[in-house]
Amino acid sequence: MRRLKWAKEYIEKSEDVIMNPNEYKGKWSSFLNRERIHVEIGSGKGDYWIGMAALYPESGWIGVEKNESACALSLRKVEETRENVKFIYGDASVIDEWFADGEIDVIHLNFSDPWPKRRTSKRRLSNERFIKKYLDILKEDGEIRMKTDNRKLFEYSIIEFQNNGFELIEIDLDFRSEQHDEDVITEYESKFMELGPIYRAIWKRRA
Ligand SMILES: C[S@@+](CC[C@H](N)C(=O)[O-])C[C@H]1O[C@@H](n2cnc3c(N)ncnc32)[C@H](O)[C@@H]1O
């Protein structure tokens, strides 16, 4: 996306961004004053995570995004600092440095970059390198919820999660063919749902 000149300064001044997430490791629940913690990785311009936080105020919601401009745009959407909403500007490859074992209830992966070439597959957020970290930081009954328009990424993810400690508990090959008021439409989703099916899956940690 286009680089925004004002982004860096905006992020630095925001009260909703956590610049030192390592310091909150093991303390997110008390910091957000919520028992249940949801994390969206690759939250883009923030529509999902901010919308879901408004829909489910009883949970804590944390957005993670590594792109500076997307991060600033999403912070601009948080109109007032809500107690249950925080944001981490950083690369999720070190997510286990920010969250303690068993600290998160749900990880959301929405329209993750597909990285279609084999040599870049390790960057996929559903690559085993990431999944092993998710296994650690999720609670025992923790979940991964994924939406994508990319069939190949979806198939790849089904196999990766299956092979790395997760059990598929829900799958929908055309999620938006029915109304789902309980789930916010992301920026990418609003573009792609007109063009073809949205795939959606939920996995639980295998007991
Ligand atoms: C295709 S966009 C989707 C944005 C949003 N979830 C949506 O559905 O509209 C994918 C986003 O994931 C972010 N991303 C990719 N890998 C990441 C990582 N390792 N850590 C944090 N963000 C990441 C990218 O910067 C990008 O903004």
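In this convention, every chain numbers its residues from 1, walking through the sequence in written order. Local features in this predicted model are restricted to residues of pLDDT 70 or higher, and side-chain atom pairs are both shown and tallied only at a pLDDT of 80 or more, whereas totals for entire chains, interfaces and linings draw on every residue. Hydrogens and water are ignored here; the side-chain numbers use all heavy atoms of the structure.

1. Remarks on unusual backbone geometry
For Phe111, which is not a glycine, the phi torsion comes out positive at approximately 55°. To qualify as a helix, a DSSP run of H or I must reach at least 4 residues; to qualify as a strand, a run of E must reach at least 2; elements of each kind are numbered from the N terminus. Along the polypeptide, Phe111 turns up in the loop between strand E5 (104-110) and helix H6 (128-137). Relative accessible area decides the class of each residue, using a 1.4 Å probe on protein chains only: under 20% of the type maximum gives buried, over 50% gives exposed, and in between gives partly exposed. Judged by relative accessible area, which is 8%, Phe111 ranks as buried. In this structure, Trp115 is a non-glycine residue whose phi angle is positive, near 40°. With respect to the element layout, Trp115 can be found in the loop between E5 and H6.

2. A look at the nonpolar core
Here is a general trend for soluble globular proteins: nonpolar side chains tend to be buried in one another's company. Here the nonpolar core consists of buried residues drawn from Ala, Val, Leu, Ile, Met, Phe, Trp, Tyr and Cys, with membership extended through side-chain atoms lying within 4.5 Å. The biggest cluster of nonpolar side chains holds 32 residues, and the ones touching the most others in it are Ile41, Phe99, Ile107, Leu109, Tyr134 and Ile144. Residues Leu4, Val17, Tyr48 and Ala53 belong to the second largest nonpolar core, which totals 18 residues.

3. Some words on the side chain of Asn84
Position of Asn84 relative to the elements: it lies in the loop between helix H4 (68-77) and strand E4 (85-89). According to the relative accessible area criterion, Asn84 is buried, its value standing at 3%. In this structure the side chain of Asn84 is engaged in a polar contact, spanning 3.4 Å, whose partner is the backbone oxygen of Ala53. A distance of 3.1 Å separates a polar side-chain atom of Asn84 from the backbone oxygen of Ser59. In this analysis, two residues are considered to be in contact whenever any of their non-hydrogen atoms come within 4.5 Å of each other. Residue contacts for Asn84: discarding those within four places in its chain leaves Leu32, Arg34, Ala53, Tyr56, Pro57, Ser59, Gly60 and Trp61. Here a polar contact means two N or O atoms within 3.5 Å. Within protein one must be a hydrogen donor candidate and the other an acceptor candidate, and residues neighboring in sequence count only if both atoms are side-chain atoms.

4. With respect to the site of the ligand
If even one non-hydrogen atom of a residue comes within 4 Å of a molecule or strand, that residue is called near it. Around the ligand there are 16 residues in total, and Gly42, Glu65, Ala92, Asn110 and Thr186 lie nearest to it. Between Gly42 and the ligand, the recorded distance is 2.8 Å, taken from a backbone N or O atom to a nitrogen atom. Here the residues of the shell around the ligand are counted per class, giving 4 nonpolar, 6 polar and 6 charged. Note on residue categories: nonpolar means Ala, Val, Leu, Ile, Met, Phe, Trp, Tyr, Cys or Pro, charged means Asp, Glu, Lys or Arg, and polar means any other residue, Gly included.

5. Notes on the UniProt feature "binding site: S-adenosyl-L-methionine" (unreviewed entry) in the chain
UniProt positions are given in the numbering used here, feature names are shortened, and annotations may be inferred rather than shown by experiment. With numbering matched to this structure, UniProt assigns "binding site: S-adenosyl-L-methionine" (unreviewed entry) to Glu40, Glu65, Asp91 and Asp113. Spanning 74 residues, the named residues form one tight spatial group whose C-alpha atoms are at most 13.7 Å apart. Along the polypeptide, Glu65 turns up in strand E3 (residues 60-65). Residues contacting Glu65, with those up to four places away along its chain left out, are Gly42, Ser43, Gly44, Ala70, Cys71, Phe87, Ile88, Tyr89 and Gly90. A polar contact is formed between the side chain of Glu65 and the backbone nitrogen of Ser43, at a distance of 3.4 Å.

6. Some words on the UniProt feature "binding site: substrate" (unreviewed entry) in the chain
Within this structure's numbering, the places UniProt gives as "binding site: substrate" (unreviewed entry) are Lys117, Asp149, Thr186, Glu187, Tyr188 and Glu189. The greatest C-alpha distance among the annotated residues, which extend across 73 residues, is 24.9 Å, indicating that they are dispersed rather than converging on a single site. Assignment of secondary structure puts Glu187 in helix H8 (residues 187-192). On the basis of relative accessibility, which here comes to 17%, the residue Glu187 falls in the buried class. The residues contacting Glu187, other than those within four sequence positions of it, are Ser43, Lys45, Gly46, Asp47 and Lys77. Structurally, the position occupied by Tyr188 is in helix H8.

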